[in-house]
Amino acid sequence: MLHEEAVPALFHKLNVPSTSVAMSKLMYPPLETESSVNGRGKNIEKERAHNLLTVKWAHAINCQQLLDEALNGDYDMIEADIVLGKVFNNSPVMPIMAHPPLTSSDLSLDSFLLQIKLFNLNNPIKMKGVKLDFKSIDVFEGALDTLKLVIPEMTYPVWLNADIIEHTGKGIRAKPVNPKRFLAGCMQFKKAVLSIGWTTSEGPIEDSYTPDDITAMLTVIKENKIDESGLSITFPVRAGLAANSQKVLHDLIRQVEVTNRCTITIWSAPSDCVDTEKLDELILFFGPNRVYLDVPAALENQLNLPGLRTNVCNSLGVGPCTSLLYFSLASIGVILISLLVKKSRI
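- The protein chain carries the name Menorin-like domain-containing protein in an unreviewed UniProt entry, which gives Glossina austeni as its organism.
- According to UniProt, the comment filed for the protein chain under the heading Sequence similarities (unreviewed entry) is "Belongs to the menorin family."

### Topic: the overall build of the protein chain
(1) Moving on: Across its full length, the protein chain holds 14 helices and 10 strands.
(2) Moving on: Looking at the protein chain as a whole, 52% of its 346 residues qualify as buried.
(3) Moving on: Restricting to contacts in the protein chain with at least 6 residues of sequence separation, those with at least 24 account for 71%.
(4) Moving on: In the form shown here, the protein chain has an accessible surface area of approximately 15,900 Å², with 57% of it arising from carbon and sulfur atoms.

### Some details on a nonpolar patch on the surface
(1) Moving on: Taken together, the side chains of Leu114, Leu118 and Leu121 define a hydrophobic patch exposed on the protein surface, amounting to about 300 Å² of accessible area.
(2) Moving on: For Leu118, the location among the structural elements is in helix α4 (residues 109–122).

### Details of the pattern of salt bridges
(1) Moving on: Enumeration over the complete set of coordinates arrives at 9 salt bridges.
(2) Moving on: For Arg238, the salt bridge is made with Asp272, and the minimal N-O distance between the two is 2.7 Å. Residue Arg238 is found in strand β8 (residues 233–238), and its partner Asp272 is found in the loop between β9 (262–267) and α10 (276–286); the two are separated by 34 residues along the sequence. Both residues of the pair, Arg238 and Asp272, count as buried.
(3) Moving on: Among the ionic pairs, Arg254 bridges to Asp251, the shortest N-O distance being 3.5 Å. Taken together, the positions of Arg254 and Asp251, both in helix α9 (residues 246–256) and 3 residues apart, correspond to about one turn of that helix.
(4) Moving on: The class for Asp251 is buried, based on a relative accessible area of 19%.
(5) Moving on: Among the charged side chains, a salt-bridge network with shared partners connects Asp81, Asp133 and Lys135.

### Remarks on the environment of Leu84
(1) Moving on: Looking at the element boundaries, Leu84 is found in strand β2 (residues 77–87).
(2) Moving on: A relative accessible area of 32% means that Leu84 is categorised as partly exposed.
(3) Moving on: Each C-alpha atom, one on Leu84 and one on Lys135, is 8.8 Å from the other, the two residues being 51 residues apart in sequence.

Criteria and thresholds
- Residues numbered from 1 in each chain as written.
- Predicted model: local features only at pLDDT ≥ 70, side-chain atom pairs only at ≥ 80, totals over all residues.
- Heavy atoms only, no water.
- UniProt positions renumbered as here; feature names shortened; annotations may be inferred.
- Helix = DSSP H or I, 4+ residues; strand = E, 2+ residues; numbered from the N terminus.
- Buried < 20%, exposed > 50% of the residue type's maximum accessible area, 1.4 Å probe, protein only.
- Contact = heavy atoms within 4.5 Å.
- Areas by Shrake-Rupley, 256 points an atom, 1.4 Å probe, with all protein chains shown as cover.
- Patch = residues over 30% accessible without salt bridge, like charges linked within 9 Å, V, L, I, M, F, W, Y side chains within 5 Å.
- Salt bridge = Lys/Arg side-chain N within 4 Å of Asp/Glu carboxyl O.

Given below as structure tokens:
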């Protein structure tokens with residue numbers, strides 16, 4: 001357990017300015033702190049900072065105009081896709097900001113990272129974190145020289161993302177990024193958050209992650225010694241599938257949290273079919289200290305976020321939603337909580 005006075009020293013060790021404590025919610029799951037019912041007011045700001053559902057995302061920021069808007073907008077994290085291609089179709093092939101099948105952009109990875117760095121230096125109160133979604137192993141390895149120069153100087157969150165496991169469900173999916181090579185590269189960046197997921201496609205509303213999906217992920221983590229790395233991990237999960245996958249995702253987090261700090265990041269494509277009641281239940285089950293929510297506004301507006309963004313665990317007096325005890329309590333209480341969610345819709 002980490003006491004409150006230890007937090008600034010921890011952020012200094014991680015090269016995160018102590019004045020940016022709120023940004024810690026983008027790097028790691030919440031730290032456990034001593035608190036009591038009578039003294040909870042002293043920790044209200046920390047609890048608010050560790051409510052991951054409050055993190056605001058700018059998604060698919062793959063061109064200069066969108067980057068300008070994201071930097072000047074009320075966002076905490078900027079997510080972007082990286083492929084190999086050309087800037088304005090006339091540069092050498094390099095890592096650029098674009099989503100397949102596009103291979104041209106007005107924004108290179110180098111320029112993207114430099115602009116975020118300069119913005120954060122000049123606007124420490126409005127600091128942005130960055131999530132880099134690498135679409136192939138070739139572009140990731142092509143970006144390593146840049147990452148080796150930039151990441152050590154970062155005083156703000158950086159996530160390295162790739163879909164490294166093929167989902168076993170139906171549909172046509174992209175080729176997974178080579179897990180061994182991607183994880184070997186990521187091991188060089190101890191301050192980065194490892195964001196590793198499954199290749200998926202838009203599917204029927206009843207589709208879900210499977211036990212085989214979870215086993216494959218756990219195997220990759222162990223075989224590549226990520227469980228010995230000390231890296232923090234977030235698992236990006238597609239909302240439509242995750243809503244039907246509470247048990248297997250619980251199994252995943254329960255096993256990984258023994259060795260690594262871990263969260264889930266729920267994302268969705270605009271056209272995805274999502275059971276919103278089940279998604280509400282999933283978020284309530286894991287708690288707002290475990291779940292990032294990066295979904296389109298149309299889906300977000302269908303969720304019971306006023307309730308979800310309240311720290312359910314603290315309101316029940318059981319402390320932060322980070323322990324196995326919470327999972328045990330949640331397993332018993334999730335049916336009652338889901339009934340409350342359903343009543344709120346009536």
